[in-house]
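# Examination of the molecular architecture
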Amino acid sequence: MDAPLDGSLSRPSPRDLPSVDLVLKTPAAQLASERFGRAATTGAIRAALDEARAFLLAGQLASLPSADHVALAAGDALERTARASLRPVFNLTGTVLHTNLGRALLAEEAVEAATAAMRSAVALEYDIDTGTRGERDDHVRDLLIELTGAEDATVVNNNAAAVLLVLNTLGLGREAVVSRGELIEIGGAFRMPDIMARAGVKLVEVGTTNRTHPRDYAGALGAETGLVLKVHTSNYRIEGFTREVSARELGEIARARGVPLVNDLGSGTLFDLARLGLAHEPTVREAVMEGADIVTFSGDKLLGGPQTGFIVGRAELIAKINANPMKRALRVDKIRLAALEATLKLYRDPERLAVKLPTLRLLARSRGELAALGEALALDVAERLGPTFAVEVVECASQIGSGALPLETLPSAGLAIRPVGAASGGALNALAAALRALPLPVIGRITEGALLLDLRCLEDPAGFLASLGALGTLP
Ligand SMILES: *Cc1c(COP(=O)(O)O)cnc(C)c1O
């Protein structure tokens, strides 16, 4: 249908286009029919014929498309719409927990548990021992208690939901006291003051952006106070002339007034990252020990599980939270609960955790290992990209992502791809677009005149090379 204009006088007429029935009889249409069904194929043929008709009428088609040609066009269109929109990609951005690329990859144990739960009926809210009704939280409650040292625990859709539910339960119609230095925006529409308003809680700000003192909190606590909130400023740092009231100090102040202290840890981790040579990120167990009455954190950040939000802390407060009707609207389904239980169980064996849990496994990879991977790939990649691009193994820096240790980078290695000779910077954008358009898209980042593919998250180099094989000819 993209035949060139030839300006001939004997212009073809739409009336001479093949009929739908004729196109349906072609081998290509038969194949499409088997794959996508007869109704969808007929629809796609009609659409292809409509398009050809419009082109003919506009004088933009010099020759009449054959029935085979129309069938192929219809088949292509069906193929494109059949391709999943939410499909796997190679995350070579260097950000391990990339929110836009779905954050944590699940351990095989979690994938298997989730798959089994999808295929079958499960004892979700059913006590198999007694044959009576059970609680869906029970599948992970004891594990969370064991791993965090908290008295009790519950699970909701994500950490944003956890914060919302806690605020609404403990602070509805009352005040929540927060430092001005901790009124964070996480990204998207998650801003602490907005969440407070929606939770029906009145925000009482104390201190200043850079300095908040114990006396600031003490002065703000009163008869209307429902809770004191501490927020881990996970995605930024205030440096210089600063003063933050530690969770321990704050716990003492809140306890003296009989007000609960809630600590939103954000990522939170059950594993001391210092063991991987990274800076120390507060663990949930520490936050509990420091005296928070409630701690909230995410399931799909450093914890390495499915999207979930955890609320752990004092049993009496967890009971109140579970009795809030909003809990039902924020609960998690059986698939994620199954994946979550399997993920948490891996934490019982800390020695093998860094091997089994993809998030930690990827964070633990050394620059040396990644540089060696780069050397092993560079020639093949250069061959697939052709002579207009040069491929070089370079040192680079990855980051954890999702707001965990925002200032820390991990020494990494990657492939830097640059256009050679006369090829322009436009060639780099075109290459990035071509890689994104692959059946298994490859996502890198453009930096300093190169397309950088950070290899930290590449665990299937053979699949990656095979995917590059689908690249057409590049400019
Ligand atoms: C990430 C984060 C949240 C939101 O958690 P989600 O799991 O993305 O809903 C809330 N608070 C803090 C401090 C965070 O870092």
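Note that the structure is predicted; figures quoted are calculated from it, not measured. (Residues numbered from 1 in each chain as written. Predicted model: local features only at pLDDT ≥ 70, side-chain atom pairs only at ≥ 80, totals over all residues. Heavy atoms only, no water.)

## Describing the overall build of the protein
We apply this condition: Helix and strand assignments come from DSSP, with helices taken as H or I runs of at least 4 residues and strands as E runs of at least 2, each series counted from the N terminus. Only protein chains enter the accessibility calculation, which uses a 1.4 Å probe; a residue is then buried when its area is under 20% of its type maximum, exposed when over 50%, and partly exposed in between. In what follows, a contact means two residues having at least one pair of non-hydrogen atoms within 4.5 Å. Accessibility throughout is a Shrake-Rupley quantity obtained with a 1.4 Å probe, and a residue counts as covered only by protein chains that appear here. Neither His nor the chain ends contribute to the count of charged residues, in which Lys and Arg are positive and Asp and Glu negative. In this description, the location of a charge corresponds to atom NZ of lysine, CZ of arginine, CG of aspartate or CD of glutamate.
Within the protein, the secondary structure is distributed over 19 helices and 17 strands. Overall size of the protein, expressed as C-alpha extent along the three principal axes, is 95 × 55 × 45 Å. The buried share of the protein, taken over its 475 residues, is 48%. The contacts in the protein between residues at least 6 apart in sequence include a share of 75% that link residues at least 24 apart. As displayed, the protein has an accessible area near 22500 Å², and 53% of this comes from carbon and sulfur atoms. The distance from the centre of the 50 positive side-chain charges to the centre of the 57 negative ones in the protein is 4 Å.

## Remarks on the pairing of strand E11 (residues 294-298)
Keep this limit in mind: Strand pairing requires that DSSP identify at least two bridges connecting the strands. Seen with its strands pointing away from the viewer, a crossover is right-handed when the path leading from the first strand over the helix to the second is clockwise.
Most of E11 is tucked away: 5 of the 5 residues are buried. Burial of the side chains of E11 extends over both faces: Ile-294, Thr-296 and Ser-298 are buried on one face and Val-295 and Phe-297 on the other. Relative to E11, strand E10 (residues 261-266) runs parallel, the two sharing 4 bridges. From the neighbouring strand, Gly-266 faces E11, where its bridge partner is Phe-297. The parallel pair E10 and E11 is bridged by helix H11 (residues 284-289), and the resulting crossover is right-handed.

## Quick word on the sheet that holds strand E12 (residues 309-313)
Within a beta sheet, neighbouring strands are joined by backbone hydrogen bonds and run either parallel or antiparallel to one another. Rule in force here: Only the contacting stretch of a helix is used when fitting its axis, a line to C-alpha atoms as for every element, and angles between N-to-C directions run 0 to 180 degrees.
The 7 strands are arranged E4-E12-E11-E10-E9-E5-E8 in an open sheet whose pairing can be described as mixed. Each having just a single partner strand, strand E4 (152-156) and strand E8 (202-206) make up the two edges of the open sheet. Across the sheet, the mean angle separating the axes of adjacent strands is 25° when strand polarity is ignored. Packing against the sheet, helix H7 (residues 159-171) makes contact with E4, strand E5 (175-179), strand E9 (225-231), E10, E11 and E12, and its axis sits at approximately 160° to E11.

## Some thoughts on the packing of helix H2 (residues 27-36) against helix H4 (residues 67-82)
Geometrically, a packed helix pair is captured by the angle between its two axes and the distance between the axes. Counted only if it meets this: An angle below 35 degrees is treated as roughly parallel, one above 145 as roughly antiparallel, one from 65 to 115 as roughly perpendicular, and anything else as oblique. Here a crossing is taken to be left-handed if its near helix is turned anticlockwise relative to the far helix by less than a right angle, and right-handed if that turn runs clockwise.
The contact between H2 and H4 brings their axes to 8 Å, and the two run at 25°. Classified by the angle between their axes, H2 and H4 sit roughly parallel to one another. As H2 packs across H4, the resulting crossing turns out to be left-handed. Across from Pro-27, Ala-28, Ala-29, Ala-32, Arg-35 and Phe-36 in H2, the residues of H4 making contact are Asp-68, Ala-71, Leu-72, Leu-78, Glu-79 and Ala-82.

## Regarding the sheet that holds strand E16 (residues 445-447)
Read across the open sheet, the 4 strands follow the order E13-E14-E17-E16; overall the sheet is antiparallel. With one partner strand each, in any of the chains shown, strand E13 (389-398) and E16 form the two edges of the open sheet. Adjacent strand axes in the sheet meet at a mean angle of 35° when their direction is disregarded.

## Some thoughts on the domain arrangement of the protein
To keep things clear, this is the line we draw: Delimitation of the domains relies on an automatic or database domain assignment. Here, a salt bridge means any Lys or Arg side-chain nitrogen found within 4 Å of an Asp or Glu carboxyl oxygen.
The domain boundaries assigned to the protein delineate domain 1 (14-82), domain 2 (90-99 + 362-468) and domain 3 (108-356). Computed from C-alpha atoms alone, the centre-to-centre distance between domain 2 and domain 3 is 34 Å. Of the residues lining the interface, 12 residues belong to domain 2; the matching set on domain 3 comes to 15 residues. Taken together, the connections running from domain 2 to domain 3 amount to 0 salt bridges.

## Describing the UniProt feature "domain: L-seryl-tRNA selenium transferase N-terminal" (unreviewed entry) in the protein
Note the cut-off: UniProt positions are given in the numbering used here, feature names are shortened, and annotations may be inferred rather than shown by experiment.
Listed under "domain: L-seryl-tRNA selenium transferase N-terminal" (unreviewed entry) in the UniProt record, and renumbered for this structure, are residues 15-53. Secondary structure across residues 15-53 comprises 79% helix and 0% strand; the distance between its end C-alpha atoms is 9 Å.

## Section: the UniProt feature "modified residue: N6-(pyridoxal phosphate)lysine" (unreviewed entry) in the protein
Under the feature "modified residue: N6-(pyridoxal phosphate)lysine" (unreviewed entry), the UniProt entry names Lys-301. Position of Lys-301 among the secondary structure elements: in the loop between E11 and E12.

## Here's the deal with the pattern of salt bridges
Under the definition given, this model contains 26 salt bridges. Where Glu-135 meets Arg-133, a salt bridge forms, and the shortest distance between an N and an O atom there is 3.8 Å. The residue Arg-314 makes a salt bridge to Glu-316 at a minimum N-O spacing of 2.7 Å. Taking relative accessible area as the criterion, Arg-314 reaches 30% and is therefore assigned partly exposed. Members of the salt-bridge network, linked through shared partners, are Glu-125, Arg-133, Glu-135, Arg-136 and Arg-331.

## Some details on the pairing of E4
Most of E4 sits out of view: 5 of its 5 residues are buried. Sheet topology note: the E4/E12 ladder contains 5 bridges and is antiparallel. Across the sheet, the residue bridging to Val-155 is Phe-310, located in E12.

## Comments concerning H2
To be explicit about the condition: By arc we mean the arc of the directions from the helix axis to the C-beta atoms, nothing more.
When H2 is considered as a whole, its buried residues turn out to be Ala-29, Ala-32 and Ser-33. All buried residues of H2 project into a common sector of 105° when viewed along the axis, lining one side. Projecting away from the buried face of H2 at angles above 90 degrees are the exposed residues Pro-27, Leu-31, Glu-34 and Arg-35. Buried residues in H2 make contact with helix H1 (20-24), helix H3 (38-57) and H4. In the segment just after H2, Gly-37 is the residue with positive phi, at about 95°.

## What to know about unusual backbone geometry
The backbone phi angle of Arg-103 is positive, close to 55°, even though this residue is not glycine. Topologically, Arg-103 is positioned in the loop between strand E1 (90-91) and helix H5 (108-119). Positive phi values are uncommon outside glycine, yet Glu-448 reaches one of about 50°. Here Glu-448 is to be found in the loop between E16 and strand E17 (450-454). On the basis of relative accessibility, which here comes to 74%, the residue Glu-448 falls in the exposed class.

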